[in-house]
Amino acid sequence: MSAKTPADEIRDALGDLLPRLRRFARVITRNVADADDLVQVTVEKALARAAQWRPGSRLDSWMFGIMKNAWVDEVRARRRRERVLAPEEAGATVGDRSAAARDIALSVQAAVARLPEDQRIAIALVLLEGLPYKEAAETLGIPIGTLTSRLARGRAMLQAILGNGGSA
């Protein structure tokens, strides 16, 4: 029996990883259609570059890094083409379907969308995706202290926005 290749391991893990990739893509793109496209680009790049992934290391961190870089490339390309990003769309609430839960989820989603991009991405990786600080810092290519300060500023801004009924 032959050993699995990195591409085989990535394919095997994709089913569990896709919801997390899609959630992270929605946070960084702030648009459902863009998020779906970004997930597809990320998976394609990951499979094409499977030999670059080190089995035994965290696949989620590696793919979040690919996704972040792909989004940066897309934003730069859009700026060159002078395209305007589509407006944010209301997201679907997962889990509790009560009106209060939907209102809270939409308020938090709107507050996160108002954060500066560097803080929004840090919040998404650590608080939404549960990456350890070290992994998130490596994914972003920044020192852990920079990540920590982005998280602190992002949390403070979220508290201000949510504490003021979204008017901060």
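Every value quoted in this text rests on a predicted model; they were computed, and no experiment measured them.

*Asks:* Explain a nonpolar patch on the surface here, please?
*Replies:* On the surface, Ile104, Val108 and Leu162 cluster together to form a nonpolar patch covering roughly 250 Å² of accessible area. Within the element layout of this structure, Val108 appears in helix α4 (residues 99–114).

*Asks:* Would you mind showing me how to read helix α1 (residues 6–29) here?
*Replies:* In a regular helix each residue adds 1.5 Å, so 24 residues correspond to 34 Å; α1 covers only 28 Å between its end C-alpha atoms and thus falls short of that length. When the local axis directions of α1 are compared, the greatest deviation, roughly 60 degrees, occurs at Gly15, which is followed within four positions by the proline Pro19. Arg30 occupies a position one or two residues after α1 and carries a positive phi of about 60 degrees.

*Asks:* Any chance you could explain the side chain of Arg150 here in plain terms?
*Replies:* Topologically, Arg150 is positioned in helix α7 (residues 144–163). Ignoring any residue separated from it by four or fewer positions in sequence, one finds Arg150 in contact with Asp118, Gln119, Ala122 and Ile142.

*Asks:* How should I be thinking about the nonpolar core in this particular structure?
*Replies:* Soluble globular proteins tend to pack their nonpolar side chains together in the buried interior. Formed by 43 residues in total, the largest nonpolar core has its most connected members in Leu21, Phe24, Trp62, Met63, Met67, Leu125 and Leu147. Counting only elements with at least two residues in this core, the list comes to α1, α2 (32–48), α3 (59–81), α4, α5 (117–128), α6 (133–140) and α7. In contact with Phe24, not counting residues within four places along its chain, are Phe64, Met67, Ile121, Ala124, Leu125 and Glu129.

*Asks:* What is the right way to look at α6 in this model?
*Replies:* An α-helix turns once per 3.6 residues; consequently, residues spaced three or four apart project the same way. Considered for burial, the residues of α6 that qualify are Glu135, Ala136, Ala137, Thr139 and Leu140. Phi turns positive one or two residues past the end of α6, at Gly141, with a value near 70 degrees.

*Asks:* Looking at this model, I keep getting lost on the confidence of the model for the chain. Mind explaining?
*Replies:* Note: predicted coordinates in regions of low pLDDT should not be interpreted at a detailed level. Overall, the predicted model of the chain reaches an average pLDDT of 85, with 86% of residues at or above 70. When the elements of the chain are averaged for pLDDT, α4 gives the smallest value, 82, and α2 the largest, 95. Contacts of residues 83–96 to residues separated by more than four positions or lying in other chains number 22 contacts, the stretch itself having pLDDT below 50.

*Asks:* Quick question: what am I supposed to make of the pattern of salt bridges here?
*Replies:* If charged atoms from side chains of opposite charge come close, those side chains can pair. Across all of its chains, the model carries eleven salt bridges by this definition. Residue Arg22 is joined to Asp36 by a salt bridge in which the shortest nitrogen-to-oxygen separation is 2.5 Å. One end of the pair, Arg22, is in helix α1; the other, Asp36, is in helix α2, and 14 residues separate them in sequence. For Arg22, a relative accessible area of 32% translates into the label partly exposed. Residue Arg78 is joined to Glu74 by a salt bridge in which the shortest nitrogen-to-oxygen separation is 2.7 Å. With a gap of four residues between them, Arg78 and Glu74 both fall in helix α3, about one helical turn apart. Judged by its relative accessible area of 10%, Arg78 falls in the buried class. Each of Arg20, Arg23, Arg58, Asp60 and Glu129 takes part in salt bridges that share partners, so that together they form one network.

About the criteria used
Residues numbered from 1 in each chain as written. Predicted model: local features only at pLDDT ≥ 70, side-chain atom pairs only at ≥ 80, totals over all residues. Heavy atoms only, no water. Patch = residues over 30% accessible without salt bridge, like charges linked within 9 Å, V, L, I, M, F, W, Y side chains within 5 Å. Areas by Shrake-Rupley, 256 points an atom, 1.4 Å probe, with all protein chains shown as cover. Salt bridge = Lys/Arg side-chain N within 4 Å of Asp/Glu carboxyl O. Helix = DSSP H or I, 4+ residues; strand = E, 2+ residues; numbered from the N terminus. Expected span 1.5 Å × (residues − 1). Bend = angle between axes of the 7 residues up to and from the residue. Contact = heavy atoms within 4.5 Å. Core = buried A, V, L, I, M, F, W, Y, C linked by side-chain atoms within 4.5 Å. Buried < 20%, exposed > 50% of the residue type's maximum accessible area, 1.4 Å probe, protein only. pLDDT = per-residue confidence, 0-100.

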